[in-house]
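# Understanding the architecture of this molecule
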Amino acid sequence: MKRCVYCKAELTDGRDIDVCDKCGFKVWGEKMFNTIVQNMKNARENGDLCHMNQVDDLPKNINDFRMLERV
Ligand SMILES: [Zn+2]
């Protein structure tokens, strides 16, 4: 079972990113997160996962991101 890297919620929809919608929307915003999820899905369908199976620039945690957001 995959789990969200932030809140540890179980991800049951077979998504390609280990982040739930709730946390994804907080970190990237709804539109950006949906774009990321869609891009990863497209990459998988194209068999091009070698450099797309990890999001390397995930903020370490949401609190860090919130602090950045306030600046
Ligand atoms: Zn989450």
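Residues numbered from 1 in each chain as written. Predicted model: local features only at pLDDT ≥ 70, side-chain atom pairs only at ≥ 80, totals over all residues.

Among all positions in helix α1 (residues 21-28), only Cys23, Gly24 and Val27 are buried. Down the axis of α1, the buried side of the element spans an arc of 100°, and every buried residue falls inside it. In the segment just after α1, Gly29 is the residue with positive phi, at about 90°. (Buried ≥ 20, exposed ≤ 12 C-beta atoms within 10 Å, placed from the backbone. Helix = DSSP H or I, 4+ residues; strand = E, 2+ residues; numbered from the N terminus. Arc of directions from axis to C-beta.)

So, on to the packing of α1 against helix α2 (residues 30-45). Packing of α1 against α2 leaves a shortest axis separation of 7 Å and a crossing angle of 115°. By crossing handedness, the relation of α1 to α2 is classed as right-handed. Of the residues in α2, those in contact with Gly24, Phe25 and Trp28 of α1 are Glu30, Met32, Phe33 and Ile36. Among the residues forming the contact of α1 with α2, the class breakdown is 5 nonpolar, 1 polar and 1 charged. (Axes fitted to C-alpha atoms, helices over the stretch in contact; angles between N-to-C directions. Left-handed = near helix turned anticlockwise from the far one by under 90°. Contact = placed C-beta atoms within 7 Å. Nonpolar A, V, L, I, M, F, W, Y, C, P; charged D, E, K, R; others polar.)

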